[in-house]
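Per-entry structural report
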2 protein chains.
Amino acid sequence: MTRQSSHTKATPTTDPDDAPAKVDLGCLDGLLGYRLRRAQLAVFQDFITSMRDYDLRPAQFSVLAIIRANPGLKQSRVSEALGINRANFVALLDELETRDLARREPAPGDRRSNALFLTAKGEAFLDEAYRHLQAHHERRLDAALGAGDRQQFLTLLDRLAALD
Amino acid sequence: MTRQSSHTKATPTTDPDDAPAKVDLGCLDGLLGYRLRRAQLAVFQDFITSMRDYDLRPAQFSVLAIIRANPGLKQSRVSEALGINRANFVALLDELETRDLARREPAPGDRRSNALFLTAKGEAFLDEAYRHLQAHHERRLDAALGAGDRQQFLTLLDRLAALD
DNA sequence: TATTGTTATACTCTATAACTATA
DNA sequence: TATAGTTATAGAGTATAACAATA
């Protein structure tokens with residue numbers, strides 16, 4: 001292999017005319033992780049924009065969703081299920097509790113543990129937020145994916161997530 | 001809709017026996033962004049592990065790749081192409097220059113700008129790192145994706161990335 | 001006036017160590 | 001001894017404002 005690898009053009013980029021001239025991604029284009037990262041950033045940005053009026057970030061939404069689907073689950077298991085360090089989970093849950101969306105209760109049978117629940121307000125809030133996401137955010141994502149097979153796409157994402 | 005949305009089971013999770021009992025993702029399972037994020041984290045983790053001996057993070061690799069494919073490109077355009085804030089790009093490039101992988105040169109015709117190049121060491125380093133990634137990291141990703149259509153997968157990722 | 005590179009700053013996210021109370 | 005929740009802390013990543021040099 002010479003100085004230029006086969007997938008790069010590397011024209012010395014003089015470009016004296018005012019045309020913007022597209023930047024060549026070079027070997028970056030062959031890295032799945034790069035494409036995945038750009039897609040993930042765009043999707044999260046769209047999520048955050050969609051949830052602006054709810055003031056809810058992706059991590060906060062995920063905590064509420066897990067608690068609702070598993071009421072009474074121990075704090076450590078919720079953080080573990082989401083891959084969130086238990087030390088970092090404390091402040092995250094504190095804020096949800098301050099906003100009266102979730103609550104800690106003493107776990108029956110283990111006085112070290114907290115059992116987590118949504119408040120009535122939290123249940124309603126999550127329902128509304130999720131409906132809004134489906135109607136706007138997910139709807140936009142489906143439009144972007146177009147005719148592509150969404151189910152097959154999700155299957156491949158899950159296979160990658162199972163790497164570790 | 002009642003207190004429980006249609007896609008959650010929400011059995012009160014008493015679970016007194018010692019079986020670990022899988023955590024229900026609830027409505028999180030219906031969010032594309034969640035699956036995308038988990039996949040991206042797993043892929044980046046695999047990248048970082050693969051590049052341990054090279055001490056090269058994804059962002060550093062991307063900078064080297066863009067510079068190699070577009071030698072002489074202005075600093076602001078490199079950071080812009082990667083979606084990196086120009087203020088944050090300074091320290092990133094400083095480190096690559098300290099390691100003698102890239103260099104700043106005065107841009108011909110504009111004394112405000114820097115034109116970026118790889119050093120000879122940077123060219124060789126990137127070639128070797130990229131070959132190593134292809135042989136190990138990307139190979140593992142392909143194995144994980146299995147029979148799935150990689151090209152279709154990349155197409156859908158790019159459509160999502162084009163959201164904003 | 002606008003742009004380029006830079007510094008300073010702040011806020012989020014993430015990771016580790018250590019403490020306490022329980023088990 | 002080990003585990004659950006917590007605090008403190010440090011490192012990345014990211015965002016904005018402002019400055020000097022130059023366009």
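Residues numbered from 1 in each chain as written. Chains lettered and ligands numbered in written order. Predicted model: local features only at pLDDT ≥ 70, side-chain atom pairs only at ≥ 80, totals over all residues. Heavy atoms only, no water.

Per an unreviewed UniProt entry, chain A goes by MarR family winged helix-turn-helix transcriptional regulator and derives from Ferrovibrio xuzhouensis.

1. Some thoughts on the packing of aromatic side chains
In plain terms, the rule: Think of it this way: a Phe, Tyr or Trp ring, Trp meaning its six-membered ring, pairs with another when their centres are within 6.5 Å, and the plane angle makes it stacked under 30 degrees, edge-to-face over 60, tilted otherwise.
Going through the model one piece at a time under the given rule, you end up with seven aromatic pairs over all chains. By the ring-pair criterion, three or more aromatic residues cluster together here, those being F47, F61 and Y130 of chain A.

2. Regarding the relation of the copies chain A and chain B
Defined as follows: In superposing the copies, a least-squares fit is computed on C-alpha atoms, taking residues whose pLDDT is at least 70 in both.
Aligned on chain B, chain A shows an RMSD of 0.0 Å; the corresponding rotation is 180° and the shift along the axis is 0.0 Å. Taken together, the rotation and translation describe the operation of a two-fold axis. Using C-alpha coordinates, one finds that chain A approaches the rotation axis most closely at F153 of chain A, a distance of 3.2 Å.

3. Details of the interface of chain A and chain B
Note the following rule: Any pair of residues with heavy atoms lying within 4.5 Å of one another is described as a contacting pair. Accessible surface is computed with a 1.4 Å probe, and the buried area is the amount of it that two parts give up when combined, taken over both parts together. Only one rule defines a salt bridge in this text: a Lys or Arg side-chain nitrogen within 4 Å of an Asp or Glu carboxyl oxygen. Identification of polar contacts relies on pairs of N or O atoms within 3.5 Å, with a donor-acceptor requirement for protein atoms, meaning one able to donate a hydrogen and the other able to accept it, and with residues adjacent in sequence counted only if both atoms are side-chain atoms. Runs of E in the DSSP output that reach at least two residues are strands. Runs of H or I that reach at least four are helices, and both are numbered from the N terminus. Throughout, the ten residues Ala, Val, Leu, Ile, Met, Phe, Trp, Tyr, Cys and Pro are labelled nonpolar, Asp, Glu, Lys and Arg are labelled charged, and all others, Gly among them, are labelled polar.
Across the boundary between the two partners, chain A contributes 74 residues, which contact 75 residues of chain B. Regarding the contact of chain A and chain B, the summed buried area is about 6600 Å², with carbon and sulfur atoms giving 66% of it. Put simply, chain A and chain B have two salt bridges between them. A salt bridge links D158 of chain B to R35 of chain A; the shortest N-O distance between them is 2.6 Å. Across the chain A-chain B interface, the total number found is 14 residue pairs in polar contact (both at pLDDT 80 or more). Elements with a minimum of two residues in the side of chain A that touches chain B: α1 (32-50), α2 (58-69), α3 (75-81), α5 (120-145) and α6 (150-161) of chain A. With 14 residues, α1 of chain A is the single largest residue contributor to the side of chain A that touches chain B. For the side of chain A that touches chain B, a count of residues per class yields 39 nonpolar, 17 polar and 18 charged.

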